[in-house]
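# Coordinate inspection notes
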Amino acid sequence: MDKFLKKEGTASFLSAVAAVIMGLLVGLIVLLVASPSNALAGFGMILTGGFSDMKNVGQVLYYATPIIMTGLSVAFANKTGLFNIGGAGQYMVGAFAAVYVGVEWTFLPPVLHCIVAMIAAMIAGAIWGLVPGLMKAYCNVNEVISCIMMNYIGLNLVNLLVRQTIFDSARNQSYWPADSAELSKLGFDKIFVAGATPSSVNAGIVLAVIAGIVMYIVIDRTKFGYELKACGLNREAARYAGINEKRSIVLSMVIAGGLAGLGGAFYYLSGAGAGIAITEELAAEGFNGIPVALLGMSNPIGSVFAGIFISYLKVGGQAMQSLGLAPEIIDIITSVIIYFAAFALFFKLMLAKLSAGKQKTNANAEPVSQNAKKGGTA
Amino acid sequence: MSEYVIEMCNITKEFPGIIANDNITLQLRKGEIHALLGENGAGKSTLMSVLFGMYQPEKGVIKKDGQPVQIKGPNDANRLGIGMVHQHFKLVHNFTVLENIILGVETVKGGLLKMDDARKKVMELSEKYGLLVDPDALIEDITVGMQQRVEILKMLYRENEILIFDEPTAVLTPQEIDELMNIMKGLVKEGKSILFITHKLNEIKAVADRCTVLRKGKYIGTVNVCDVTQQEMSEMMVGRKVNLKVDKEPAQPTDVLLEVKNLSVHSKHGTKNAVNNVSFQVRKGEIVCLAGIDGNGQSELVYALAGLEKSEGTVILSGEDISTESIRYRNTHGLGHIPEDRHRHGLVLDYPLAYNMVLQRYFEPKFCNKGFLRYDEIFSYSDKLIEQYDVRSGQGSKTIARSMSGGNQQKAIVAREIDRDPDLLIAVQPTRGLDVGAIEYIHKELIAQRDAGKGILLVSLELDEVMNLSDRILVMFEGEIVADLDPNAVTVQELGLYMAGAKREEV
Ligand SMILES: Nc1ncnc2c1ncn2[C@@H]1O[C@H](COP(=O)(O)OP(=O)(O)OP(=O)(O)O)[C@@H](O)[C@H]1O
Ligand SMILES: [Mg+2]
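Residues numbered from 1 in each chain as written. Chains lettered and ligands numbered in written order. Predicted model: local features only at pLDDT ≥ 70, side-chain atom pairs only at ≥ 80, totals over all residues. Heavy atoms only, no water.

### A word on the overall build of chain B
Rules: Secondary structure elements are defined from DSSP: runs of H or I of at least 4 residues count as helices, runs of E of at least 2 residues count as strands, and each element is numbered from the N terminus. Here the radius of gyration uses the C-alpha set of atoms, whereas the globule reference equals 2.2 Å times the residue count to the power 0.38. Relative accessible area decides the class of each residue, using a 1.4 Å probe on protein chains only: under 20% of the type maximum gives buried, over 50% gives exposed, and in between gives partly exposed. Here, two residues are considered to be in contact whenever any of their heavy atoms come within 4.5 Å of each other. Here the open area of atoms and residues is found with the Shrake-Rupley method and a 1.4 Å probe, where only the protein chains shown may cover a residue. Lys and Arg are tallied as positive, Asp and Glu as negative. Neither His nor the chain termini are counted. A charged residue contributes its charge at one atom only: NZ of Lys, CZ of Arg, CG of Asp or CD of Glu.
What chain B contains, in helices and strands, is 17 helices and 24 strands. Taken against the 2.2 N^0.38 rule, which gives 23 Å for 507 residues, the C-alpha radius of gyration of chain B at 24 Å falls within 12% of a compact globule. Here the C-alpha coordinates of chain B stretch approximately 70 × 50 × 50 Å along the principal axes. Counting all 507 residues of chain B, 56% fall into the buried class. A sequence separation of at least 24 residues applies to 67% of the contacts in chain B between residues at least 6 apart. Accessible surface computed for chain B: about 20600 Å², of which carbon and sulfur atoms make up 48%. Positive and negative charge centroids in chain B, built from 60 and 73 side chains respectively, lie 5 Å apart.

Below, the structure is given as structure tokens:
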């Protein structure tokens, strides 16, 4: 069994690497078009920026934390055959719950305060996942549609609540969570420093990695994971087996939402001096969960690495600012790399699926792979 | 000009852990029906898929009219005049018959489909070969037998000369099988050549000229069908004597095990009930067969008993009313179910075989400890079933179910359900797609279950199986039970009349 898993694992890993290389090449082309004179130097910075000093290494981990969580969220729902595109909304309501508790509940002692804030974030995110889960399970409403709606409801609700409860008009954003609610630095600020400026990395990254490991175990080793995967692979057979498929759908969306909500807490409890801004844009951290999960092949451990990789590009991109490139261009280039890599992988998966109908599947099993195809593209 | 239209010479095709075709040679004469016989997993579908271009062989050559050819995909096959009816049809369900037939080879004029010409050609073909279809009916509204005609018309429309049928009769009713046999005979008269896979020896006897036998991926031999008996063919195929008729003692039924009272199931289409106010009993120690022409409510009745479909009325199992209980409750309280559709319900095709073997039991303490699956237990249990029921696959318990041969998928499900040792086993077409050796084994197991005091509700379209196995026959017609018969006191012809609704007995 283990050997077999490893084999599968290597194949996925290699295709992810291939996709990343594709993405980087396209990024280079975009860079050549956008700014020919700086292209090669800039590209070098993207590649090495994340390693340029210890602080940047820390920053890579810091930015990776929330997107690992939203990536895990997407990957988890995916196991039950659901596409959780609601990461942005879940992330935002989670962030608000954490910041609210962090700002208001100062009667709590330090560590407990932080824990309660994280729990609040998880619950808020879970509720934001629960709604599409219920709608899918009991009314057969496509989760993509209800997730998108929940994203906008979440965004506007958070704007409203921030304005009414914890609004800091001086900064035109929410107050910052109290020190007692901050995630511990775990001494990282001593390791990941450049000169006197430490990186913002904190206990969040450790918790995110632990979340990934726990999720791997749950999915691969437990009864619960067996049920979720059975539902994702063949819902009718899961029903036949006596698995309560409605419950599985709802639970998997609730857990996915909780993971994304926790991602929001990790970001805003980092003590990096961030409040929730009033904005009309959905949180990018929410959407970046999708390429993270894709690059990670929906594998929890893979998602952890994918999150770190994408964050590495982001830090590398920031380093490029010294070349005088507009931040927008840098954003475009890093997103092109991210999305192209994810897209290349998506394409590869689709192709594999299509040819599976011909090559991998035996002729007797044809019709189901056909249905799977239909389901996949629908 | 070569004697053979198609020659497959020394074909070898390997899959992980197994050589599916090991140096196989098959020669098809022009104008013959050539049967391909072999146990489950012998490599028949693989060999035909190689000919149809779906797999590339590691070794060997394919010759068409004596000339070596390369077949890289179904399009190449089509160009060479090779067509295939897959065991499971590949039709677009919300398209009409006509649209399905011309799909992929549409003729267009100024960007518009030239439907009239196509329609004319289809109607001509349909008349010529007795393949009557309604060109404007939607696929989802017509029977499986009709769908198969559409598949055949598709091949004819493409003017294919070499026709491959992969287990075409497994899904048909006895009447439809007779019709298909006649159609096949008509096709070879027109000079077409047919490759025909089936597990039913009487069908080979009835239509085939020659028969090639495979065993465990190897070529055993080719015989003239008229020179051999069915016994000889089955021996060639399994390498031992097979008892084609089951021996069993008369049943000794005891207490009532299953009691169904006034059960009704709403129909998905139309307003009529699919199952209408049905009442019957199954006692311990008997095999009760639900006979009937496909589509008369048997499937819905079974789904209702298993809890997969909503119903009205009462279902009592071992004295306990389970009418409103969950599927899980029924599964764990004495109900076993070999489902009609092995791909839809029976298997999670992308799970390894071992996981499929514990599909309704993974949570039992034996396989699960504090929420964690016990791999070693699951795999050793699965190995045991594989051994006992001779389930063949490339990589044993680790094999992904999707890659197994159709018959072995079926064997895995049957093994799982019998081994759960349910009080009542609902067996829907339990031997669909199985080879004679496997059928013999499964029939023996079912009778052993009966003799151990279990009840069996058998649903089968196969009259031989119905007559051989059952102790009592309930005939369903249009959602109602129209007769309760003793198989020893009724002839097949009479049974046919009941099934067709021409005769009815008050029960
Ligand atoms: N795509 C595949 N990947 C791996 N193994 C395969 C694949 N297709 C077939 N096999 C294996 O090759 C062997 C032959 O399979 P095949 O489907 O040709 O059998 P068959 O003779 O058609 O049997 P049946 O009567 O059960 O349909 C089986 O053991 C099967 O497990
Ligand atoms: Mg086959």
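From this point, the narrative continues.
### Details of unusual backbone geometry
Trans peptide bonds make up the majority, and among non-glycine residues the majority have a negative phi. Despite not being glycine, A:S298 shows a phi value in the positive range, around 60 degrees. Inspection of the secondary structure assignment puts A:S298 in the loop between α12 (284-295) and α13 (300-319).

### Things to note about the pattern of salt bridges
Residues and elements named next belong to chain B. Keep this limit in mind: Criterion for a salt bridge: a side-chain nitrogen of Lys or Arg within 4 Å of a carboxyl oxygen of Asp or Glu.
Counted under the stated rule, the structure contains 39 salt bridges over all chains. A salt bridge links R361 to E364, with the nearest nitrogen and oxygen atoms 3.2 Å apart. You can call E364 partly exposed: its relative accessible area is 24%.

### Some details on the packing of helix α13 (residues 375-389) of chain B against helix α14 (residues 406-419) of chain B
All names here are of chain B. Selection rule: In this description, a line fitted to the C-alpha atoms serves as the axis of each element, helices being fitted only across the stretch in contact, and the angle between N-to-C directions of two axes falls anywhere from 0 to 180 degrees. For classification purposes, an angle smaller than 35 degrees is called roughly parallel, one larger than 145 roughly antiparallel, one from 65 to 115 roughly perpendicular, and anything else oblique. Less than a right angle of anticlockwise turn of the near helix away from the far helix marks a crossing as left-handed, whereas a clockwise turn marks it as right-handed. All residues other than Ala, Val, Leu, Ile, Met, Phe, Trp, Tyr, Cys, Pro, Asp, Glu, Lys and Arg, Gly among them, are scored as polar; the first ten of these are nonpolar and the last four charged.
Contact geometry of α13 with α14 gives a least axis separation of 10 Å together with a crossing angle of 110 degrees. The angle between α13 and α14 falls in the class roughly perpendicular. By crossing handedness, the relation of α13 to α14 is classed as right-handed. When α13 is examined against α14, the residues Y381, K384, L385, Q388 and Y389 are found in contact with a partner set consisting of K411, A415, R416, I418 and D419. Its residues assigned to classes, the contact of α13 with α14 shows 5 nonpolar, 1 polar and 4 charged.

### Considering the interface of chain A and chain B
Applicable threshold: By buried area we mean how much accessible surface two parts lose on assembly, using a 1.4 Å probe and totalling the loss over both. Here a polar contact is recorded for every N or O atom pair within 3.5 Å, except that within protein the pair must consist of a potential hydrogen donor and a potential acceptor, and residues adjacent in sequence are included only if both atoms are side-chain atoms.
Across the contact, 33 residues belong to chain A and 46 residues belong to chain B. Carbon and sulfur atoms make up 58% of the surface buried where chain A meets chain B, a total of about 3800 Å² over both sides. Among the salt bridges present, the one from A:E236 reaches B:R344, with a minimum N-O distance of 3.8 Å. If you look at where chain A meets chain B, you find 20 residue pairs in polar contact (both at pLDDT 80 or more). A total of 7 residues in the side of chain A that touches chain B trace back to one element, the largest contributor, which is helix α9 (residues 223-233) of chain A.

### A short note on the domain arrangement of chain B
Residue and element names in this part refer to chain B. Heads up, the rule is: An automatic or database domain assignment supplies the start and end points of every domain.
As far as domains go, chain B holds domain 1 (4-238), domain 2 (253-334 + 422-507) and domain 3 (341-418). Centre-to-centre separation of domain 1 and domain 3, based on C-alpha positions: 31 Å. With 9 residues of domain 1 in contact, the opposing surface of domain 3 contributes 10 residues. With both chains or domains summed, domain 1 and domain 3 bury close to 690 Å², and 47% of this area falls on carbon and sulfur atoms. Here domain 1 is connected to domain 3 by 1 salt bridge. Across the pair E39 and R392 runs a salt bridge, and its minimum N-O distance is 3.1 Å. Partitioned by chemical class, the residues of the side of domain 1 that touches domain 3 number 2 nonpolar, 5 polar and 2 charged.

### Details of the sheet that holds strand β14 (residues 273-283) of chain B
Residues and elements named next belong to chain B. For the record, the criterion: At least two DSSP bridges between two strands are required for those strands to pair.
Taken together, 4 strands build an open sheet; the order of strands is β14-β13-β16-β17 and the sheet is antiparallel. Edge positions in the open sheet fall to β14 and β17 (320-321), since each of these has one partner strand only. As judged from the 5 bridges shared by strand β13 (residues 256-266) and strand β16 (residues 312-317), these two strands associate in the antiparallel manner. Bridge pairing in β16 links L258 to L317.

### Some details on the packing of aromatic side chains
In plain terms, the rule: Under the pairing criterion, centres of Phe, Tyr and Trp rings, with the six-membered ring standing for Trp, must be within 6.5 Å; the plane angle then separates stacked pairs below 30 degrees from edge-to-face pairs above 60, leaving the rest tilted. Whether a charge lies above a ring is judged from NZ of Lys or CZ of Arg, which has to be within 6 Å of the ring centre and within 35 degrees of the ring normal.
This structure, assessed with the given rule, holds 17 aromatic pairs over all chains. Consider the rings of A:Y226 and B:Y362, whose centres lie 4.4 Å apart with planes at 25 degrees: the pair is stacked. Of this pair, A:Y226 sits in helix α9 while B:Y362 is found in the loop between α12 (353-357) and β19 (368-369), placing the two residues in two different chains. Grouping residues by exposure puts A:Y226 and B:Y362 together as buried. Among the aromatic residues, those joined into a ring-pair cluster are A:Y226, B:Y351, B:Y355, B:Y362, B:F363, B:Y375 and B:F379. Here the guanidinium or amino end of A:K314 rests over the ring plane of A:Y63, the centre of that ring lying 4.8 Å away.

### Overview of the domain arrangement of chain A
All names here are of chain A. Splitting chain A by domain gives domain 1 (1-35 + 325-361) and domain 2 (53-324). Computed over C-alpha atoms, the centres of domain 1 and domain 2 are 23 Å apart. Contacts between domain 1 and domain 2 engage 22 residues on the former and 18 residues on the latter. Of the roughly 1600 Å² buried where domain 1 meets domain 2, counting both sides, 81% is carbon and sulfur surface. Summed over the three residues of domain 1 that lose the most area to domain 2, namely L325, I330 and I338, the buried surface amounts to 34% of that side. Summed over the shared surface of domain 1 and domain 2, the number is 0 salt bridges. Joining domain 1 to domain 2, the criterion identifies 0 residue pairs in polar contact (both at pLDDT 80 or more). Among the elements of the structure, α1 (2-34) and α14 (327-356) are those that each provide at least two residues to the side of domain 1 that touches domain 2. The element contributing the most residues to the side of domain 1 that touches domain 2 is α14, with 12 residues. Split by residue class, the side of domain 1 that touches domain 2 holds 18 nonpolar, 3 polar and 1 charged.

### A short note on the environment of A:G44
Within the fold, A:G44 resides in helix α2 (residues 39-48). Counting along the chain gives 195 residues from A:G44 to A:R239, while the straight-line C-alpha distance between them is 53 Å.

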